[in-house]
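In case you want the letters, here they are:
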Amino acid sequence: MLSGYMGKILRVNLTERSVKVEELNEEIAKGFIGARGLAEKILYDEVDPKTDPLSPKNKLIFATGPLTGTIAPTGGRYDLVTIGALNHRIAASNSGGFFGAELKLAGYDLLIVEGKADKPVYIWINDEHVEIKDASHLWGKDVYETTDRITEELGDKKIKVACIGQAGENLVKFSAVMNDKYRAAGRTGVGAVMGSKALKAIAVRGTKKVKIASEAKFKEAMKKAMDLIKSNGVTSQGLPTYGTMVLNNIIDQHGLYPTRNFQDGTFEHVEDVSGEKLKETYLVKNRACFACPIGCGRVCRLPDGEEGEGPEYETSWAFSADCGVNDLIAVIKANNLCNKYGLDTISTGATIAAAMELYEKGYLKDEELQGGPKLNFGNAEAITYYTKAIALREGLGDKLAEGSLKFAQNYGHPELSMSAKGQELPAYDPRGAQGHALEYATSNRGGCHVRGYMISPEILGVPEKLDPFSTEGKAKWVKIFQDLTAIIDSEGLCLFTSFALSLEEYTELYNAVVGTNYSPDEMLKLGEKIWNLEKLFNLKAGFGKGDDTLPERFLKEPMPSGAAKGQVVQLGKTLPEYYKLRGWNEEGIPTDEKLRELGLK
């Protein structure tokens with residue numbers, strides 16, 4: 001078997017209550033790298049793209065990469081691949097912590113979950129011992145209690161747990177799968193898919209090691225990568241000092257900090273909810289994931305003694321600027337509720353923000369709040385109240401739990417959902433960065449910033465500074481960033497390493513571990529292959545060119561103030577060029593020639 005891989009796939013069918021161990025196909029593994037790419041290949045081969053995400057026919061794949069479980073910097077990531085409950089597109093939600101590494105060290109590259117249990121269950125994986133156990137006593141419990149009770153029940157504190165809270169049980173369309181209590185496979189509603197299978201949790205204990213093809217080459221590649229990470233300002237100073245919330249002030253100063261449901265690009269109270277303010281007030285310590293030299297996680301404690309991890313940049317924005325709230329304590333409490341119940345913080349905050357605009361414009365009436373607080377922008381009480389209501393599907397929360405697009409459609413104003421392909425956009429107004437706007441529009445899983453983080457060159461100047469308002473050359477940059485991100489995810493590494501590392505370092509790490517001799521260009525071609533496979537899946541699901549767009553607000557309403565004042569998104573210029581560079585036709589469909597080139601025909 002190839003080094004870097006464990007060579008085993010664990011397949012659990014909950015309907016049949018069966019457990020099978022299968023051999024990993026080496027050629028497929030090399031062709032799709034691992035984690036995101038490999039799991040998507042399996043989903044593509046085994047599941048009809050038009051399958052209802054919440055039906056037993058959908059599959060849920062926990063996938064590690066060849067570098068997961070090694071000491072490669074940030075080598076603890078895994079992907080959760082399925083058809084997303086939120087928008088019915090291909091979903092690959094990435095998470096850190098320690099669960100992914102533990103699954104790999106138990107001896108498995110992937111865990112494929114099929115079918116649906118007739119009562120709540122959890123899966124217990126202890127190296128070769130795999131058992132489907134009753135979880136009736138855990139159903140209705142939150143993420144924290146579920147994790148603690150399973151750990152106590154199985155009698156081993158080294159066990160790692162991935163589970164859903166009440167949000168996943170209640171099939172909230174943007175519920176998350178949480179691991180290690182605070183880490184989230186957050187986006188696209190993977191928690192609802194897990195809940196639909198009556199699968200409460202997966203507990204893992206692994207004692208094996210990942211075989212390295214060349215220890216000497218790996219040591220050399222590791223030293224180079226670590227030196228770059230330690231010498232980079234973002235990975236050695238910014239993220240360790242302030243976490244991802246180092247971005248709040250930076251993005252606001254550049255005029256693309258979405259405020260009050262993306263009605264503006266600057267927030268007058270940004271200082272009150274910034275990373276600097278968090279560090280001054282409630283930050284207790286940093287927390288790092290498996291094999292991570294950066295340590296961007298934040299452990300916070302509030303004056304009332306409530307403690308938790310986070311918030312991250314996206315979360316702090318979603319509950320503050322996007323909702324017009326400048327109460328940092330309320331933002332932290334909303335974040336903690338999302339972790340506790342298992343919710344995607346971006347979609348939760350953004351859905352509440354959309355409801356606030358609907359309310360302020362008179363489309364959502366007081367009587368529909370069912371006794372809940374008024375949904376005015378700036379109401380700190382509303383963000384915590386409706387976060388809990390969403391998770392438990394109580395009152396108006398039952399409608400909000402379907403996501404902002406369906407919620408806004410219910411009131412006749414879908415244009416007030418700031419989403420792409422049915423998934424809420426994260427914390428960057430696309431009018432302030434033309435490349436990032438194109439990435440939003442073309443992302444295969446819907447509104448997403450981590451499929452090709454163009455904020456890096458357009459705002460942060462990494463690897464070089466680009467004019468954010470120019471469209472020139474942006475299609476090429478977006479394509480490269482998307483293909484590179486597919487590689488990073490599939491290897492099992494964290495995207496934050498890309499502030500310091502380049503394609504060359506990712507190629508060297510992979511070759512050293514696996515024993516291949518890929519060139520950087522060959523590696524990038526694998527990333528392109530993965531991207532095109534995702535596109536083919538969505539096309540087969542019935543989604544086409546009309547989905548590669550953004551809400552009209554960004555296309556027709558100039559940014560009203562700030563550094564990006566007067567800007568609109570120019571997809572008419574960038575999208576045709578992007579299709580051409582991808583080798584797709586004018587309808588955004590990969591040509592036969594491109595598919596043959598990639599080995600996908």
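Above this text sits the structure in question.
This report concerns the structure included in the present document. (Residues numbered from 1 in each chain as written. Predicted model: local features only at pLDDT ≥ 70, side-chain atom pairs only at ≥ 80, totals over all residues. Heavy atoms only, no water.)

Here's the deal with the overall build of the chain
Counting secondary structure elements, the chain contains 24 helices and 17 strands. The C-alpha atoms of the chain give a radius of gyration of 22 Å, which matches the 25 Å a tight globule of 601 residues would have. When its C-alpha atoms are laid out on the principal axes, the chain stretches across 60 × 55 × 45 Å. Every one of the 601 residues in the chain was classed for burial, and the buried ones make up 65%. Here the contacts in the chain between residues at least 6 apart in sequence split such that 69% fall between residues at least 24 apart. Carbon and sulfur atoms make up 48% of the accessible area of the chain, which totals about 20300 Å². Of the charged side chains in the chain, 74 are positive and 83 negative, and the gap between their average positions amounts to 3 Å. (Helix = DSSP H or I, 4+ residues; strand = E, 2+ residues; numbered from the N terminus. Rg over C-alpha atoms; globule rule 2.2 N^0.38 Å. Buried < 20%, exposed > 50% of the residue type's maximum accessible area, 1.4 Å probe, protein only. Contact = heavy atoms within 4.5 Å. Areas by Shrake-Rupley, 256 points an atom, 1.4 Å probe, with all protein chains shown as cover. Lys, Arg positive; Asp, Glu negative; His and termini not counted. Charge placed at Lys NZ, Arg CZ, Asp CG, Glu CD.)

Section: the nonpolar core
Ranked by size, the top nonpolar core spans 101 residues in total, and within it Ile 61, Leu 110, Ile 251, Tyr 257, Tyr 428, Leu 550 and Tyr 578 carry the most contacts. Beyond its immediate stretch of four places on either side in the chain, Ile 251 contacts Leu 256, Tyr 257, Tyr 313, Ala 427, Tyr 428, Ile 455 and Ile 459. Counting residues in hydrophobic clusters, the runner-up holds 38 residues, among them Ala 167, Phe 319, Cys 323 and Ala 334. (Core = buried A, V, L, I, M, F, W, Y, C linked by side-chain atoms within 4.5 Å.)

As for the pattern of salt bridges
The final tally for this structure, using the stated rule, is 56 salt bridges. Where Asp 148 meets Lys 181, a salt bridge forms, and the shortest distance between an N and an O atom there is 2.9 Å. Here Asp 148 is found in helix H4 (residues 143-154), whereas its partner Lys 181 is found in the loop between strand E10 (177-179) and strand E11 (183-185), with 33 residues between them in sequence. Since its relative accessible area comes to 40%, Asp 148 is described here as partly exposed. On the basis of relative accessibility, which here comes to 21%, the residue Lys 181 falls in the partly exposed class. One salt bridge connects Glu 169 with Lys 200, and the closest N-O pair in it is separated by 2.7 Å. Of this pair, Glu 169 sits in helix H5 (residues 166-169) while Lys 200 sits in strand E12 (residues 199-205), placing them 31 residues apart in sequence. (Salt bridge = Lys/Arg side-chain N within 4 Å of Asp/Glu carboxyl O.)

Digging into the sheet that holds E11
Strand pairs in the sheet, formed through backbone hydrogen bonds, run parallel or antiparallel to each other. If you trace the 6 strands from one edge of the open sheet to the other, you get E8-E7-E12-E9-E10-E11, paired in mixed fashion. With partners counted over all chains shown, the strands left at the sheet margins are strand E8 (129-134) and E11, one partner each. Each strand of the sheet is rotated relative to its neighbour by a mean of 20°, with strand direction disregarded. Lying on the sheet, H4 is in contact with strand E7 (121-126), E8, strand E9 (160-163), E10 and E12; it crosses E9 at an angle near 140°. (Pairing = 2+ DSSP bridges. Axes fitted to C-alpha atoms, helices over the stretch in contact; angles between N-to-C directions.)

Points about the side chain of Thr 235
For Thr 235, the position within the fold is in helix H8 (residues 233-242). Of note is the side chain of Thr 235, whose polar atom sits 2.7 Å from the backbone oxygen of Ile 229. Beyond its immediate chain neighbours, meaning those up to four positions away, Thr 235 contacts Ile 229, Pro 240, Ile 294, Phe 496, Phe 499 and Ala 500. (Polar contact = N/O pair within 3.5 Å; in protein donor to acceptor, adjacent residues only side chain to side chain.)

Some thoughts on the sheet that holds strand E13 (residues 283-287)
With antiparallel pairing, the 3 strands of this open sheet are ordered in space as E13-E14-E15. In this open sheet, the two edge strands, each paired with only one partner strand, are E13 and strand E15 (307-309). Each strand of the sheet is rotated relative to its neighbour by a mean of 20°, with strand direction disregarded. Seen against the sheet, H8 touches E13 and strand E14 (297-301) and runs at an angle of roughly 25° to E14.

Concerning the side chain of Asp 548
On the secondary structure map, Asp 548 appears in the loop between helix H21 (520-540) and helix H22 (552-556). Judged by relative accessible area, which is 3%, Asp 548 ranks as buried. Here the side chain of Asp 548 touches Lys 535 through a polar contact of 3.2 Å, side chain to side chain. Beyond its immediate sequence surroundings of up to four residues, Asp 548 is in contact with Lys 421, Ala 441, Thr 442, Lys 535, Leu 571, Leu 575 and Tyr 579.

Some points on the environment of Ala 355
By the element assignment, Ala 355 lies in helix H13 (residues 345-360). In sequence terms Ala 355 and Glu 128 are 227 residues apart; their C-alpha atoms lie 48 Å from each other. Sequence-distant contacts of Ala 355, defined by excluding residues within four places in its chain, comprise Leu 364, Leu 375, Leu 400 and Phe 407.

Brief notes about the packing of aromatic side chains
Applying the stated rule across the entire model yields 20 aromatic pairs. Ring centres of Tyr 313 and Tyr 428 lie 5.5 Å apart, and the angle between their planes is 45°; on these two criteria the pair is classed as tilted. Of this pair, Tyr 313 sits in helix H11 (residues 313-319) while Tyr 428 is found in the loop between strand E17 (423-424) and helix H17 (434-442), placing the two residues 115 residues apart along the sequence. For Tyr 313, a relative accessible area of 1% translates into the label buried. By relative accessible area, which is 1% here, Tyr 428 ends up buried. Pairing Tyr 578 with Trp 584 gives two aromatic rings, centres 5.8 Å apart and planes at 90°, and the pair type is edge-to-face. The burial state of Tyr 578 is the same as that of Trp 584; both residues are buried. Residue placement shows Lys 160 over the ring face of Phe 98; its charged tip is 5.3 Å from the ring centre. Above the ring of Trp 139, the side-chain terminus of Lys 200 is found at 5.9 Å from the ring centroid. (Phe/Tyr/Trp six-rings, centres within 6.5 Å; stacked < 30°, edge-to-face > 60°. Lys NZ or Arg CZ within 6 Å of the ring centre and 35° of its normal.)

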